[in-house]
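Listed here are the chains, written in short residue letters.
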Amino acid sequence: MWLGGRHGMGVGPRFRTLLTVLVLAGAAVLGGCGDDPADPGAGPAATIRLGALVPLSGTNAQSGREMRDAAQMAVDEANAAGGVLGRQVELLVLDDACDPGTAVASANDLVAKDITVSVGGYCSSATVPTLKVFRDAGVPMVIALATSTDLLVPKYDSIFLISGTVADEGTFAIAGMRRMGSKRLIIVNDGTSFPVTLGKQTVAAAGLPGTGIRVVATHALSQGAPSYDRLAEQILGEKADTVYFTGYYGEANQLIKDLRTAGFTGKIFVGDGATDGPLLTDLTAAQTKNVYGTALMVPALMSSLADWSAKFTAATGRAPSPSGPEAFDAVTVALDAITRAGSVEHAAVRAAIAATAGLPLLSGPATFKPDGTRTQPAFLLLEVRDGKLVEVS
């Protein structure tokens, strides 16, 4: 599963990769009507467009596809129920490759297509540079999975986070480490937005009175490196009992292998950006002993999502993975706000999102604070058992 991120990877192809998935919902809208759906004044039959930037290429493509399909499922359900404001809803999904440059280009493309709300956001480092693009266009953002506190720095009132922030996750991680008996902690990031800020927030949480956890070192590794054996040897010499890697599953998998090969037998925690996708690929039982994770929503582990998971499987032919529920929730928030606003006018929709109060979502009731964060973010503490991640009860 993937724990995070829903977050800030930021390393994608160096060349511009732009994969466009344009889902045209509602055959009745497409046929027999001469209105231009790109024209907001084209008439009552014009579709309402939502836009989503997700990683459809690169190492986080699996999570991006999950987000795309879950968001489309929410759109399809709305259209099957008659649409919104008497109009069908259309989802435009563009690839951001978890790369800042690609993300900005794709954001401008979405703005040019006259979207009402942006409902994407996985890697924080790719999402942060798009904030101004959407802000300048007046487009409110319901960010599904990116959680870096860097998203809050501009203090825009048009940004709303479905998932908890890294500050919330850092506090939760330290509580989980205390529960597992950790005393000496090393934090490893990958140098990009979300992992760095999660690491800083975890250091801050460890420094609060009464935690009993000392952060003895912080390190950064290079994304995509073939091995981290030198770093593993350094960590071994620093005598920690716990390592917390705040980056993504590709590097997490390699780091776990190298730490175990170096002889590190302590606890290895990974942030929510690492428990999705192939975290455990080719790892042995010995290597995954004492491996834990902090995560957002994991459908396979949550009985409360059983009905939704069955619907997702029926729609896609596969069981849902992490990152899908939050994308579904982002669309739900956007369409609910458009309905309450009675308009697709950006300012009215933004105000309606801000006024959301207790909206039932897969991730729990949604109410947003003045800074756009959720009042009650939820996290799971996971452990690897028998080759699988399971929730620690």
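Residues numbered from 1 in each chain as written. Predicted model: local features only at pLDDT ≥ 70, side-chain atom pairs only at ≥ 80, totals over all residues. Heavy atoms only, no water.

The name recorded for the chain in an unreviewed UniProt entry is Branched chain amino acid ABC transporter substrate-binding protein, from Actinoplanes palleronii. According to the UniProt record, the Sequence similarities (unreviewed entry) comment for the chain is "Belongs to the leucine-binding protein family." (UniProt positions renumbered as here; feature names shortened; annotations may be inferred.)

Throughout the structure, instances matching the rule amount to 8 salt bridges. Put simply, Arg318 and Asp69 hold a salt bridge, and the shortest N to O gap is 2.7 Å. In this pair, Arg318 sits in the loop between helix H11 (306–316) and helix H12 (324–341) while Asp69 sits in helix H2 (residues 61–80), placing the two residues 249 residues apart along the sequence. Owing to a relative accessible area of 17%, Asp69 belongs among the buried residues under this scheme. A salt bridge links Asp336 to Arg340; its shortest N-O distance comes to 2.8 Å. (Salt bridge = Lys/Arg side-chain N within 4 Å of Asp/Glu carboxyl O. Helix = DSSP H or I, 4+ residues; strand = E, 2+ residues; numbered from the N terminus. Buried < 20%, exposed > 50% of the residue type's maximum accessible area, 1.4 Å probe, protein only.)

Let us look at the sheet that holds strand S8 (residues 214–220). Strand order in the open sheet made by the 7 strands is S8-S7-S9-S10-S11-S14-S15, with mixed pairing throughout. Looking at which strands have only one partner, the edges of the open sheet turn out to be S8 and strand S15 (388–391). The average undirected angle you get between the axes of adjacent strands in this sheet is 25°. Here strand S14 (residues 380–385) pairs with S15 via 4 bridges, running antiparallel. Across the sheet, the residue bridging to Val384 is Leu389, located in S15. Taken strand by strand, helix H7 (residues 193–206) contacts strand S7 (184–189), S8 and strand S9 (242–245), and its axis lies near 160° from that of S7. (Pairing = 2+ DSSP bridges. Axes fitted to C-alpha atoms, helices over the stretch in contact; angles between N-to-C directions. Contact = heavy atoms within 4.5 Å.)

Attention now goes to the pairing of strand S2 (residues 48–54). Buried residues dominate S2, accounting for 7 of its 7 residues. Relative to strand S4 (residues 117–118), S2 runs parallel, the two sharing 2 bridges. Considered in S4, the bridge of Gly51 is made with Ser118.

What follows is about the nonpolar core. By size, the foremost hydrophobic cluster in this structure holds 99 residues, and its most contacted members are Leu50, Val119, Val188 and Leu279. In terms of residues, this core owes the most to one element, H12, which gives 9 residues. Apart from the residues lying within four places of it in its own chain, the contact partners of Val188 are His219, Leu221, Leu231, Ile235, Val243, Tyr244, Phe245, Thr246, Gly247 and Leu255. In this structure, Leu53, Leu94, Val133 and Met141 belong to the second largest nonpolar core, which totals 16 residues. (Core = buried A, V, L, I, M, F, W, Y, C linked by side-chain atoms within 4.5 Å.)

A few words now on the state of the cysteines. In the structure shown here, the tally under the stated rule is 1 disulfide. The disulfide partner of Cys98 is Cys123, and the gap between their sulfur atoms is 1.9 Å. Across the S-S bond of Cys98 and Cys123 the torsion is about 75°, and the bridge reads as right-handed. Highlighted residues: Cys98 in the loop between strand S3 (89–95) and helix H3 (100–112) and Cys123 in the loop between S4 and helix H4 (124–127), separated in sequence by 25 residues. Looking at Cys98, the relative accessible area reads 1%, which means it is buried. Take Cys123: its relative accessible area is 0%, and that puts it in the buried class. (Disulfide = S-S within 2.5 Å.)

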